Amino acid sequence: MLRAAAVVPGFSLIFHAMRSGSPIRHMACATLCSSRIGPGVRNPSIGALSTTQVAALTTQQVAGLNSDDFNALTTQQIGSLTTAQIAAMETEDLAKLGSSQLQALSALQLQALTSDQLNGLGTAQIQNFSATQVAALSTAQINALSTANVQALTSTQVKGLTASQLGAMSSTQIAAL
């Protein structure tokens, strides 16, 4: 059980609940995004959340996380994000995900990405997607890809494009292949 005297000023309730083994309630997660240990230092507890707890974060909480928070997530935690949570991620934060984190995204999660989010990814990140992941993108997402991102597709990824995806590409995109 947590006692007020055990809480060090500046530490969040969620951090202490996790350290003490207490169950984290959905409402306690509300402190996650804005909590700080000290000036300019983020709360390290995000990486200790279970996949169930990560999936329980609200879209507002996910939108409040920064790149360091997302980088602290394991591939299992990334895989547990809901499609609504994925859509709520800031483009800048998505652009800083590592290759294993990007490869952990499911077909449904990828389909939740907006065109801005997809085009916010660097060409190296686009190349990290498997052919199966690229094939899972919707025709609207494929049509919205920037020329640079289309050019970045590997030959394996291009071979995995469906007829519908190829049909949705502009002549400029086709020329960029």
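What counts and what doesn't
Residues numbered from 1 in each chain as written. Predicted model: local features only at pLDDT ≥ 70, side-chain atom pairs only at ≥ 80, totals over all residues. Heavy atoms only, no water. Helix = DSSP H or I, 4+ residues; strand = E, 2+ residues; numbered from the N terminus. Buried < 20%, exposed > 50% of the residue type's maximum accessible area, 1.4 Å probe, protein only. Areas by Shrake-Rupley, 256 points an atom, 1.4 Å probe, with all protein chains shown as cover. Contact = heavy atoms within 4.5 Å. Polar contact = N/O pair within 3.5 Å; in protein donor to acceptor, adjacent residues only side chain to side chain. Core = buried A, V, L, I, M, F, W, Y, C linked by side-chain atoms within 4.5 Å. Patch = residues over 30% accessible without salt bridge, like charges linked within 9 Å, V, L, I, M, F, W, Y side chains within 5 Å. Salt bridge = Lys/Arg side-chain N within 4 Å of Asp/Glu carboxyl O. Lys, Arg positive; Asp, Glu negative; His and termini not counted. pLDDT = per-residue confidence, 0-100.

Chemist: Any details on the overall build of the protein? Residues and values, ideally.
Modeler: For the protein, the count of helices and strands is 17 helices and two strands. By the burial criterion, 40% of the 177 residues in the protein qualify as buried. If you sum the accessible surface of the protein, you get close to 8,700 Å²; carbon and sulfur atoms cover 57% of it.

Chemist: Give a detailed account of the environment of Gly-79, specifying residues and quantitative values.
Modeler: In this fold, Gly-79 is placed in helix α5 (residues 75-80). Using a relative accessible area of 38% as the deciding quantity, one classes Gly-79 as partly exposed. Put simply, Gly-79 and Ser-106 are 27 residues apart on the chain and 6.8 Å apart in space, counted from C-alpha to C-alpha. The contact partners of Gly-79, leaving out residues within four places of it in the chain, are Ala-104 and Gln-109.

Chemist: Outline the side chain of Gln-125, listing residues and values.
Modeler: In this fold, Gln-125 is placed in helix α11 (residues 123-128). A distance of 3.0 Å separates the side chain of Gln-125 from the backbone oxygen of Leu-97, its partner in a polar contact.

Chemist: Help me get a handle on the environment of Thr-123, residues and values and all.
Modeler: Along the polypeptide, Thr-123 turns up in helix α11. Among the residues examined, Thr-123 registers a relative accessible area of 38% and is labelled partly exposed. Distance in space between the C-alpha atoms of Thr-123 and Ala-148 is 6.9 Å, their sequence separation being 25 residues. Once residues lying within four places of it in the same chain are set aside, the contact partners of Thr-123 are Ala-148, Asn-149 and Ala-152.

Chemist: Now, about the nonpolar core: what can you tell me, with residues and values included?
Modeler: The biggest cluster of nonpolar side chains holds 33 residues, and the ones touching the most others in it are Phe-70, Ile-86, Met-89, Leu-97, Leu-105, Leu-121 and Phe-129. Not counting residues within four places of it along the chain, the set of residues in contact with Phe-70 comprises Val-62, Leu-65, Ile-78, Met-89, Asp-93, Leu-97 and Gln-101.

Chemist: Quick rundown of a nonpolar patch on the surface? Include the residues and the values.
Modeler: There is a patch of nonpolar side chains on the surface, built from Leu-166, Ile-174 and Leu-177 and spanning about 230 Å² of accessible area. One can find Leu-177 in the segment after α17 (171-176). Here Leu-177 falls in the partly exposed class, since its relative accessible area comes to 41%.

Chemist: Go over the side chain of Asp-93, please, and point to the residues and values.
Modeler: In this fold, Asp-93 is placed in helix α7 (residues 91-94). In this structure, Asp-93 is buried with no salt-bridge partner, the nearest side chain bearing the opposite charge being Lys-96 at 6.4 Å. In contact with Asp-93, other than residues within four places in its own chain, are Leu-65, Asn-66, Ser-67 and Phe-70.

Chemist: So what's going on with the confidence of the model for the protein? Residues and values would help.
Modeler: Low-pLDDT stretches of the model should not have their predicted coordinates read in fine detail. This prediction gives the protein a mean pLDDT of 80; 75% of its residues lie at or above 70. Within the model, the stretch residues 1-42 combines pLDDT values under 50 with 60 contacts to residues more than four positions away or in other chains.

Chemist: How would you explain the environment of Asp-93 if you had to name every residue and give the values?
Modeler: Residue class for Asp-93 comes out buried when judged on its relative accessible area of 8%. Taking the C-alpha atoms as reference points, Asp-93 and Ala-63, separated by 30 residues in sequence, lie 9.3 Å from one another.

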